[in-house]
Amino acid sequence: MDESGSMFTIEERDRLRERLLARAEADSAVVGAAFTGSYAVGEADRWSDTDLVLAVRGDLTPTLERWTGRLYDDLGALHHWDLRVGAVVIRVFLLPGRLEVDLTFAPEAEFGPRGPQWRTVFGRTRPLEPFPPPDGDTLVGLLWHHALHARVCVERARWWQAEHWISTLRDHVIALACLRLGHPIAYAKGAHLLPEDLSTALETTLVRSLTAAELHRALSATITVVTAELERSRPALAPPPDPDARGADGHATGQMPLRCGPRWTRLWGHGVLLLPP
């Protein structure tokens, strides 16, 4: 692997996959292997990483540590960290050439697909329950929670914390829209599939500078997007049209009461205070 700091090549990544599979087949403790992610379904591109699941017979720890040593000694791994899901350990490695390898070590009884992105190379899979999607009601709760905290942080002049809450609020709006439309939700993987009008509206929620005026503007824009998405995803929770809202011609517009002041915007149906005055 190139250690000069340049990006890995497709050929290097392909050779790495072959080496990992050969090592898995030669390891007596590994009784199954499968690719997951985009590569498993033929959608990998030049930037895709490698996701490999290994079914381990017996205690995971000796196999986990043995493979970790090999990735450092033989492949020059630079760092790793763990993500644990029950008894399963996903060990994420960074290799030279900025190549990421996600090795999942699963007990033999938990080797099987939980979603469509799976391709078994060898071994016997078990029927497993798919991972559940995020709970829509929880996402709605996070929306009003984050909006409240964003406004409070602006009032306290905690600019970075306010920006954090506004950005996280936007992430949850994207998740709620993806849930409604049946797009991938985790890590905004379906965000590029959202309708153009929603993507355009989301752009207005980006914080452009750390000032009170800009943070108020970004939060107000985000609340506008939140309300529009609630109308589509959870209409019983969306605030009703404001009968007093008037356009430039003086006619009623039926717009939602979304201003950051001077009134409270209520999450209709539950009376949950979404935005303080």
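As a reminder, the structure under discussion sits directly above these lines.
In what follows, the accompanying structure is described. Just so it is clear, the model here is predicted, and its values are computed rather than measured.

### Things to note about the overall build of the chain
Step number 1: Looking only at helices and strands, the chain features six helices and eight strands.
Step number 2: For the chain, the residues scored as buried account for 41% of the 277 residues in total.
Step number 3: Excluding contacts between residues fewer than 6 apart, the proportion of contacts in the chain whose partners are at least 24 apart in sequence is 54%.

### Some details on the nonpolar core
Step number 1: Among the nonpolar cores identified, the biggest contains 29 residues, and Leu143, Leu169, Leu194 and Leu202 are the most heavily contacted of them.
Step number 2: Among the elements of the structure, helix H3 (136–155), helix H4 (159–181), helix H5 (196–203) and helix H6 (212–233) are those that each provide at least two residues to this core.
Step number 3: With ten residues, H4 is the single largest residue contributor to this core.
Step number 4: Excluding its chain neighbours within four sequence positions, the residues that come into contact with Leu194 are Ile174, Ala177, Cys178, Leu181, His183, Ser199 and Leu202.
Step number 5: Of all hydrophobic cores here, the second largest spans 25 residues; its members include Val30, Val89, Phe93 and Leu95.

### What to know about the packing of aromatic side chains
Step number 1: The tally for this structure, following the rule as stated, stands at four aromatic pairs.
Step number 2: A centroid spacing of 4.9 Å and a plane angle of 85 degrees characterise the contact between Phe35 and Tyr39, whose relative ring orientation is edge-to-face.
Step number 3: Classification of Phe35 as buried rests on a relative accessible area of 3%.
Step number 4: Each ring, one from Tyr72 and one from Phe93, has its centre 6.4 Å from the other, and the planes form 70 degrees; the classification is edge-to-face. Here Tyr72, found in helix H2 (residues 60–75), pairs with Phe93, found in strand S4 (residues 88–95); they are 21 residues apart in sequence, far enough to count as distant.
Step number 5: Classification of Tyr72 by relative accessible area gives partly exposed; the value is 29%.
Step number 6: Given the relative accessible area of 2%, Phe93 is considered buried.
Step number 7: Just above the ring of Phe8 sits the side chain of Arg46; from NZ or CZ to the centre is 5.1 Å.

### Points about unusual backbone geometry
Step number 1: Despite not being glycine, Arg98 shows a phi value in the positive range, around 60 degrees.
Step number 2: Along the chain, Arg98 turns up in the loop between S4 and strand S5 (99–107).
Step number 3: Judged by its relative accessible area of 52%, Arg98 falls in the exposed class.
Step number 4: Phi at Tyr187 takes a positive value of approximately 55 degrees, unusual for a residue other than glycine.
Step number 5: Locating Tyr187 in the fold gives a position in the loop between H4 and H5.

### As for the packing of H3 against H4
Step number 1: Where H3 meets H4, the closest approach of the two axes is 8 Å, and the angle between their N-to-C directions is 160 degrees. The angle between H3 and H4 places the two elements in the roughly antiparallel class. The handedness of the crossing between H3 and H4 is left-handed. Across the interface between the two elements, Gly136, Leu139, Val140, Leu142, Leu143, His145, His146, Ala147, His149, Ala150, Cys153 and Val154 of H3 pack against Trp159, Gln161, Ala162, Trp165, Ile166, Thr168, Leu169, His172, Val173, Ala175, Leu176 and Leu179 of H4.
Step number 2: Of the residues that constitute the contact of H3 with H4, the class distribution is 17 nonpolar, seven polar and no charged.

Reading the values: rules and limits
Residues numbered from 1 in each chain as written. Predicted model: local features only at pLDDT ≥ 70, side-chain atom pairs only at ≥ 80, totals over all residues. Heavy atoms only, no water. Helix = DSSP H or I, 4+ residues; strand = E, 2+ residues; numbered from the N terminus. Buried < 20%, exposed > 50% of the residue type's maximum accessible area, 1.4 Å probe, protein only. Contact = heavy atoms within 4.5 Å. Core = buried A, V, L, I, M, F, W, Y, C linked by side-chain atoms within 4.5 Å. Phe/Tyr/Trp six-rings, centres within 6.5 Å; stacked < 30°, edge-to-face > 60°. Lys NZ or Arg CZ within 6 Å of the ring centre and 35° of its normal. Axes fitted to C-alpha atoms, helices over the stretch in contact; angles between N-to-C directions. Parallel < 35°, antiparallel > 145°, perpendicular 65-115°, else oblique. Left-handed = near helix turned anticlockwise from the far one by under 90°. Nonpolar A, V, L, I, M, F, W, Y, C, P; charged D, E, K, R; others polar.

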